[in-house]
Amino acid sequence: GEAEPFVEGAGQQVSSWGMRDALRRRTNAKEREEPRMNLERIHEIAEGELLGKRSHSWKEPGNKFHHGERVARIALELRRAIVPEDDSHDEILTAAAWFHDVCNGVRRHDLLGAERTRELLTGVCTDAELDEICGIIRVHDDRTRDPSFSPWVKLHQDADHLDHFGTYDVWMCILECGANNLTLPRAAQKLMERNFEELPPKREELNYELSRRIFDERVACSQAFAARFAKESRGEIVGLDVLLREE
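On a predicted model such as this, the values are computed, not experimentally measured, just so you know.

## Looking at the overall build of the chain
Across its full length, the chain carries twelve helices and zero strands. Listing each helix as α and each strand as β along the chain from the N terminus yields α-α-α-α-α-α-α-α-α-α-α-α. Taking the intrachain contacts of the chain between residues at least 6 apart in sequence as the baseline, contacts between residues at least 24 apart amount to 64%. Counting every atom, the chain has about 14700 Å² of accessible surface; 52% of that belongs to carbon and sulfur.

Pasting the structure below:
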């Protein structure tokens, strides 16, 4: 058959159309890509959701927001000590800590918290990241030490547990006693009871030996305070004999 007539510039036009089509397809593909985790935006969402709330009437406003921030820091400290070679989940651990108590105060707050977190964080991290964050939150109160739990679940669980002991436990006891109009000696007694009666089962719920050692140190600190608190609530002078010998 006859050869098609040559038209100057036609090849360039076809090539240009092909390039524009390829660029359009690439742009559409980018628009479909899942968003990478935006930790700054996630923190803003946590502040908006939790900073003005309190889990109990006698606790300070935003107590669960500040608890989440402390749990995030503890979890990362534990991760660096226990799994030093793998920082791949640091952002996951951080986000899960910030939101793990987002529904605290209602029955099964772990399950409801995972659902609420998914609602809040859709669009600011990938689906895979969101699945891991919500997976941690969903089982954060399961203290059965299930061997199937990932290291990230275990690190979060231990961090969450540890934050409730030591000086924080003293602070909570004082707040609660003040709200219930307890006298100073009764508050001291309550703190002593809380330290010595409730602790052994809590220790066994921790996943890592390092966490247990941290727990023991925190408990020793609060027990020492409770003992002094009890003495001074009765008007005793602690260490008077030592001070007299120093004269």
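## Concerning the pattern of salt bridges
Under the counting rule described, the total for this entry stands at 17 salt bridges. We note a salt bridge from Arg-41 to Glu-44, for which the minimum N-O separation is 3.2 Å. Placement of the pair is Arg-41 and Glu-44 together in helix α2 (residues 39–50), with a separation of three residues, close to one helical turn. One salt bridge connects Arg-234 with Glu-236, and the closest N-O pair in it is separated by 3.0 Å. The exposed category is assigned to Arg-234, whose relative accessible area is 54%. The class for Glu-236 is partly exposed, based on a relative accessible area of 38%. Overlapping salt bridges bring together Glu-49, Lys-53, Arg-116 and Glu-119 as one network.

## Some thoughts on the environment of Met-192
If you trace the backbone, Met-192 turns up in helix α9 (residues 184–197). With 37 residues separating them along the chain, Met-192 and Phe-229 place their C-alpha atoms 9.1 Å apart. Leave out the neighbours within four places in its chain, and Met-192 touches Ala-226, Ala-227 and Ala-230.

## As for the side chain of Asp-110
Structurally, the position occupied by Asp-110 is in helix α5 (residues 109–121). Setting aside chain neighbours within four positions, we find Asp-110 in contact with Ile-137, Arg-138, His-140 and Asp-141.

## As for the packing of aromatic side chains
In this structure the tally under the stated criterion is two aromatic pairs. Seen from their ring centres, Phe-165 and Phe-215 are 4.9 Å apart, and the 65° between their planes marks the pair as edge-to-face. With Phe-165 in the loop between α7 (151–162) and α8 (167–179) and Phe-215 in helix α11 (residues 209–233), this residue pair connects regions lying 50 residues apart in the sequence. Residue Phe-165 is classed as buried on the basis of its relative accessible area of 10%.

## Side note on the nonpolar core
Membership of the largest hydrophobic core comes to 45 residues, with the highest contact counts inside it found for Ile-42, Phe-99, Leu-121, Ile-133, Leu-155 and Phe-215. Of all the elements in the fold, those that place two or more residues in this core are α2, α3 (63–82), α4 (90–99), α5, α6 (127–138), α7 and α11. When near neighbours in sequence (up to four residues on either side) are disregarded, Phe-215 contacts Leu-162, Phe-165, Leu-199, Lys-202, Arg-203 and Leu-206. Among the nonpolar cores identified, the runner-up in size contains nine residues, and Cys-173, Ala-187, Ala-188 and Leu-191 belong to it.

Parameters at a glance
- Residues numbered from 1 in each chain as written.
- Predicted model: local features only at pLDDT ≥ 70, side-chain atom pairs only at ≥ 80, totals over all residues.
- Heavy atoms only, no water.
- Helix = DSSP H or I, 4+ residues; strand = E, 2+ residues; numbered from the N terminus.
- Contact = heavy atoms within 4.5 Å.
- Areas by Shrake-Rupley, 256 points an atom, 1.4 Å probe, with all protein chains shown as cover.
- Salt bridge = Lys/Arg side-chain N within 4 Å of Asp/Glu carboxyl O.
- Buried < 20%, exposed > 50% of the residue type's maximum accessible area, 1.4 Å probe, protein only.
- Phe/Tyr/Trp six-rings, centres within 6.5 Å; stacked < 30°, edge-to-face > 60°.
- Core = buried A, V, L, I, M, F, W, Y, C linked by side-chain atoms within 4.5 Å.

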